[in-house]
Amino acid sequence: MPESVTFPPGFLWGAATSSYQIEGAVREDGRTPSIWDTFSHTPGKVAFDENGDVAVDHYHRYRDDVAMMAGLDLAAYRFSVSWSRVQPTGRGPAVQRGLDFYRRLVDELLTHGIEPVVTLYHWDLPQELEDAGGWPERETAYRFAEYADMVGRALGDRVVRWATVNEPWCAAFLGYSSGVHAPGRTDPAAALRAAHHLNLAHGLGTSALRQVLPSRAQLAVSLNSQVIRALTDSPADLDARRRIDHLANGVFHGPLLQGAYPETLLSDTAALTDWSFVRDGDLKAINQPIDWLGLNYYTPVVVSAAGGGPKGPRADAHGGGEHSPWPAADDIAFHQPPGERTVMGWTIDPTGLYDLITTYSRLRPDLQLFVTENGAAYDDKPETDGQVLDPERIAYLHAHLAAVHRAVSDGADVGGYFLWSLMDNFEWAWGYSKRFGAVYVDYATQARTPKASAHWYAGIARTGQLPAEPPVLGRAG
Ligand code: IFM
């Protein structure tokens, strides 16, 4: 690598969060419980029985948080809207106070010259909709389209970039098959129905947004498309790879980007469902033109036909559990890829990000790609002088940004990168035990301290240049 590499002019440098992970204020201004409120208040579901009641109190501290982002030279901030704040039961009229919060947040961002990038759904379904059947029910997709319309009307005059759904794989398969995420159901057939209805929600939501947004609006979906590798080149392992690739990726990008589910996905899962929940016209409704595609990446997945390694449900990238997130795949074994890991136990493999970007760039060369999440959790602690030194996170980010740059140099159209996460927050089933933030949060006082990685990332955001090597940081002790 030369001394430093330069990203294309206009490359968007941002950081990301999501509503339930940061907002708190769960009972304020008309908000009612989401599935994550219910799940996290169910004993034993979240580490240390923690919940997002207060989270990092962003609902009350958003002004200071935006000022902090400006101080860190962020050009963009990707956040999600809490459905239960805006349309508390998932039905009926919008609650103005809920919408007003997001209008104030967007105004504050724009005042500081930070572009707001809005995600409509980052897993916090209103509990009433789950009580009515949740994502396995078709009606939820129609409810989502109505909610998209409401948020589009409220923020459309000031937000250009939108994503409908974040990581539908997690919402469907961790929520309804392994049950390690809300709503905690363990029904693999229901997870496949949920996946389809999340796809439908994206399609109907996109159409609803197009109706109410100005023509400059840029619409997308954010997928945690997974980089799946076969343990060996044996035909059995390659077939295991194909099957998991369909369950992780094809089940979403097939209908969303190519207009059909992979044929072999339907046959692989035929023992669980006949897919009759896919109705005439659904594929057309789902395969809406979009303007960009969000890709979230953390670590690759290695599989083999059972017998090649440890069997049974994999301790998945988002939490283990007794039940597999992968429907009709109990005969497939998952392997920890070699190499250093973050404290999530996730192997660090920046080549995976390069592979992901170039794969989607080939699949849909017409779509601009954005890395909408990438980052790492470490056991960060303030030094005696109060600084938070996180050289491991800097090394992780450096290696992954170099991979993004390599993909761009090789011709991929990547429009920007969002670090996950702006600040430490509620890491789902892991509670507050895993810190992904570039900014350290003292949960007792809610004090925010930018970590060394935040200052380092600010330099890259400011200059668009990635130095050849990450800096060497000495810990004071
Ligand atoms: O914290 C999550 C985020 O909500 C979705 N993508 C992965 C992150 C790290 O697990």
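A. Structural detail: the overall build of the protein chain. The number of helices and strands found in the protein chain is 15 helices and 15 strands. Scaling as 2.2 N^0.38, a compact globule of 477 residues should have a C-alpha radius of gyration of about 23 Å, and the protein chain matches this with 21 Å. Looking at the protein chain as a whole, 62% of its 477 residues are labelled buried. The contacts of the protein chain with a sequence gap of at least 6 include a subset with a gap of at least 24, amounting to 78%. Surface summary for the protein chain: the accessible area is close to 16,700 Å², and the carbon and sulfur share equals 51%. Here the protein chain carries 40 positive and 58 negative side-chain charges, and the mean point of each set is 3 Å from the other.

B. How the structure looks around unusual backbone geometry. Note the cis peptide between Ala182 and Pro183, where omega equals 5°. On the secondary structure map, Pro183 appears in the loop between helix H8 (168–176) and helix H9 (188–212). Cis peptide bonds are those with omega within 30 degrees of zero, and the linkage from Trp420 to Ser421 qualifies with 10°. Topologically, Ser421 is positioned in the loop between strand E12 (414–420) and strand E13 (439–442). The phi dihedral of Trp123 falls on the positive side, at around 85°, and the residue is not glycine. Its place among the elements puts Trp123 in the loop between strand E4 (115–121) and helix H6 (127–131). Here Trp123 falls in the buried class, since its relative accessible area comes to 4%. Non-glycine residue Trp275 carries a positive phi angle of around 60°. Here Trp275 lies in the loop between helix H11 (263–268) and helix H12 (282–286).

C. Seen up close, the packing of helix H13 (residues 350–363) against helix H14 (residues 391–409). It is at 8 Å that the axes of H13 and H14 come closest, and there the two elements cross at 30°. Relative to H14, the element H13 is oriented roughly parallel. For the element pair H13 and H14, the recorded crossing hand is right-handed. Along the contact surface, H13 presents Pro350, Thr351, Leu353, Tyr354, Ile357 and Thr358, while H14 presents Ala399, His400, Ala403, Val404, Arg406 and Ala407.

D. Region of interest: the sheet that holds E12. Spatially, the eight strands close up into a barrel ordered E2-E3-E4-E5-E6-E8-E11-E12, and their pairing is parallel. If you compare each strand with its neighbour and ignore which way they point, the axes differ by 25° on average. In this sheet, strand E8 (residues 292–296) lies alongside strand E6 (residues 218–223) in parallel orientation, the contact comprising two bridges. Within E8, the residue paired with Leu223 across the bridge is Leu295. Relative to strand E3 (residues 76–80), helix H5 (residues 96–111) is tilted by about 170°, and along the sheet it contacts E3 and E4. Running over the sheet, H9 touches E4, strand E5 (161–166) and E6 and is turned about 165° from E6.

E. Representation of the site of the ligand in the model. Residues in contact with the ligand amount to 12 residues; listed here are only the nearest, Gln21, His122, Glu373, Glu427 and Trp428. Within the side chain of Glu373, a nitrogen or oxygen atom sits 2.5 Å from a nitrogen atom of the ligand. Between the ligand and Glu427, the relevant distance is 2.5 Å, taken from an oxygen atom to a side-chain nitrogen or oxygen of the residue. Contact with the protein chains removes 100% of the 280 Å² of surface that the ligand exposes when unbound. In terms of residue class, the shell around the ligand is made up of six nonpolar, three polar and three charged.

F. Seen up close, the packing of aromatic side chains. Counted under the stated rule, the structure contains 37 aromatic pairs. Between Trp36 and Trp428, the ring centres sit 4.7 Å apart and the planes meet at 50°, which makes this aromatic pair tilted. Of this pair, Trp36 sits in helix H2 (residues 35–40) while Trp428 sits in the loop between E12 and E13, and the two are 392 residues apart along the sequence. Side by side, Trp36 and Trp428 carry an identical accessibility label, which is buried. Here a set of aromatic residues connected by ring pairs shows up, and it is made of Tyr20, Trp36, Phe39, Trp123, Phe426, Trp428, Tyr432 and Tyr443. The side chain of Arg406 reaches across the aromatic face of Tyr354, ending 3.7 Å from its centre.

G. Molecular detail of the packing of H5 against helix H7 (residues 139–155). At a closest axis distance of 10 Å, the pairing of H5 and H7 adopts a crossing angle of 45°. Put simply, H5 runs oblique to H7. Of the two possible hands of crossing, H5 and H7 adopt the one that is right-handed. Side by side, H5 and H7 meet where Leu99, Tyr102, Arg103 and Val106 of the first sit next to Met150, Val151, Ala154 and Leu155 of the second.

H. Looking closely at the environment of Arg91. As for its position among the elements, Arg91 is in the loop between helix H4 (83–86) and H5. Look at Arg91 and you get partly exposed, because its relative accessible area is 39%. Taking the C-alpha atoms as reference points, Arg91 and Leu295, 204 residues apart in sequence, are found 30 Å from one another. In this structure, Arg91 is in contact with Leu129, Ala132, Glu139, Arg143 and Glu146, ignoring residues within four places of it in sequence.

I. Quick look at the side chain of Asp237. Positionally, Asp237 belongs in helix H10 (residues 235–258). It turns out Asp237 is buried and unbridged, and the closest side chain with the opposite charge, Arg243, is 9.8 Å from it. Filtering out sequence-adjacent residues up to four positions away, Asp237 remains in contact with Ala230, Leu231, Thr232, Ser304 and Ala305.

J. View of the pairing of strand E11 (residues 368–373). Most of E11 is tucked away, with five of its six residues classed as buried. The pairing of E8 with E11 spans five bridges and is classified as parallel. Across the sheet, residue Leu295 finds its bridge partner in E11, namely Val371. Summarising the sheet, E11 and E12 pair through three bridges and their orientation is parallel. Bridge pairing links Phe370 to Gly416 in E12. The handedness of the E11 to E12 crossover, carried by H14, is right-handed.

The rules we used
- Residues numbered from 1 in each chain as written.
- Predicted model: local features only at pLDDT ≥ 70, side-chain atom pairs only at ≥ 80, totals over all residues.
- Heavy atoms only, no water.
- Helix = DSSP H or I, 4+ residues; strand = E, 2+ residues; numbered from the N terminus.
- Rg over C-alpha atoms; globule rule 2.2 N^0.38 Å.
- Buried < 20%, exposed > 50% of the residue type's maximum accessible area, 1.4 Å probe, protein only.
- Contact = heavy atoms within 4.5 Å.
- Areas by Shrake-Rupley, 256 points an atom, 1.4 Å probe, with all protein chains shown as cover.
- Lys, Arg positive; Asp, Glu negative; His and termini not counted.
- Charge placed at Lys NZ, Arg CZ, Asp CG, Glu CD.
- Axes fitted to C-alpha atoms, helices over the stretch in contact; angles between N-to-C directions.
- Parallel < 35°, antiparallel > 145°, perpendicular 65-115°, else oblique.
- Left-handed = near helix turned anticlockwise from the far one by under 90°.
- Pairing = 2+ DSSP bridges.
- Near = heavy atom within 4 Å.
- Polar contact = N/O pair within 3.5 Å; in protein donor to acceptor, adjacent residues only side chain to side chain.
- Nonpolar A, V, L, I, M, F, W, Y, C, P; charged D, E, K, R; others polar.
- Phe/Tyr/Trp six-rings, centres within 6.5 Å; stacked < 30°, edge-to-face > 60°.
- Lys NZ or Arg CZ within 6 Å of the ring centre and 35° of its normal.
- Salt bridge = Lys/Arg side-chain N within 4 Å of Asp/Glu carboxyl O.
- Right-handed = clockwise from strand over helix to strand, strands pointing away.

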